[in-house]
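# Coordinates in review
One letter stands for each residue in the lines below.
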Amino acid sequence: MKPITRRTALKAFAAAPVAAAMAWTPAEANQAQRRAQQAKTEAEKQGAPYQPKFFTPHEYATVGVLVDLIIPKDEQSGSATDAGVPAFMDFMMIDEPRRRTAMRGGLAMIDRLCAQRFDKRFVDCSDQQRRAVLDDIAFPARATPAQGTMSQAVAFFSSFRDLTASGFWSSKIGVDDLKYMGNTYVREWKGCPDEALKKLGVSYEGD
């Protein structure tokens, strides 16, 4: 794929402001999740990896690294890639021109930041280098309008992080991670568990 220059990436942002272009509804997220899971199941039956419909191979690899840095695997559940978030994002881009433009421009912007600092693309950087770049764009309060390109990257990453969370917690792994049980009958409610109260730093009055 031909490298995307800073000017090209900025034009993409100008054409589709990130916050608006990357917006989505719960219904869209649920539909994308169902389609992604169906595609993943079909690919597994054929013994082949999922083939993205929108992302280029390089973009898809970049998305995979990014989402796992946002939601890594831990002792409780799998990572964002384990939950199928990259495929979920791929389906979120289909038939949405503005969203596609914002996503493609944002990924190119992150590559550009890495190239300026380390002379290589994001996926080719070391873990430490990747985290150094993300540390600069992961906190919106630190960005100012005067920062130009950096503030655009901050806006993109904020939306990308939200999309990662939507994809993860709408997946089976994410739902299991939340331990959501739905409308489950409880014979005797004894109040919020002590461990949950301690985590929130609260207690029942009179305790």
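The structure contained in this document is the topic of the report that follows.

With that settled, the discussion passes to the environment of Gln51. Tracing the backbone shows Gln51 in the loop between helix H3 (26-45) and helix H4 (57-70). Between the C-alpha atom of Gln51 and that of Lys40, which follows or precedes it by 11 residues, the distance is 9.0 Å.

This next bit is on the environment of Leu66. One can find Leu66 in helix H4. Each C-alpha atom of the pair Leu66 and Leu134 lies 9.1 Å from the other, and the pair is 68 residues apart in sequence. Leaving out residues up to four positions away in the same chain, Leu66 has contacts with Leu107, Ile110, Phe122, Leu134, Phe157 and Phe160.

A word on the pattern of salt bridges. One pass over the full model with this rule turns up 6 salt bridges. Linking Arg99 and Glu28 is a salt bridge whose minimum nitrogen-to-oxygen distance equals 3.3 Å. With a gap of 71 residues between them, Arg99 in helix H6 (residues 97-118) and Glu28 in helix H3 connect regions that are remote in the sequence. Exposure remark for Arg99: the relative accessible area of 4% places this residue in the buried category. Glu28 gets classed as partly exposed once you look at its relative accessible area, which sits at 24%. Glu42 serves as the salt-bridge partner of Lys45, at 3.8 Å between the closest nitrogen and oxygen. On the criterion of helical spacing, the pair formed by Lys45 and Glu42 is a turn pair, its members being 3 residues apart in helix H3. Residue class for Lys45 comes out exposed when judged on its relative accessible area of 64%. Residue classification places Glu42 among the partly exposed positions, given a relative accessible area of 40%.

Calculation notes
- Residues numbered from 1 in each chain as written.
- Predicted model: local features only at pLDDT ≥ 70, side-chain atom pairs only at ≥ 80, totals over all residues.
- Heavy atoms only, no water.
- Helix = DSSP H or I, 4+ residues; strand = E, 2+ residues; numbered from the N terminus.
- Contact = heavy atoms within 4.5 Å.
- Salt bridge = Lys/Arg side-chain N within 4 Å of Asp/Glu carboxyl O.
- Buried < 20%, exposed > 50% of the residue type's maximum accessible area, 1.4 Å probe, protein only.

Coordinates in, geometry out; function isn't part of it.
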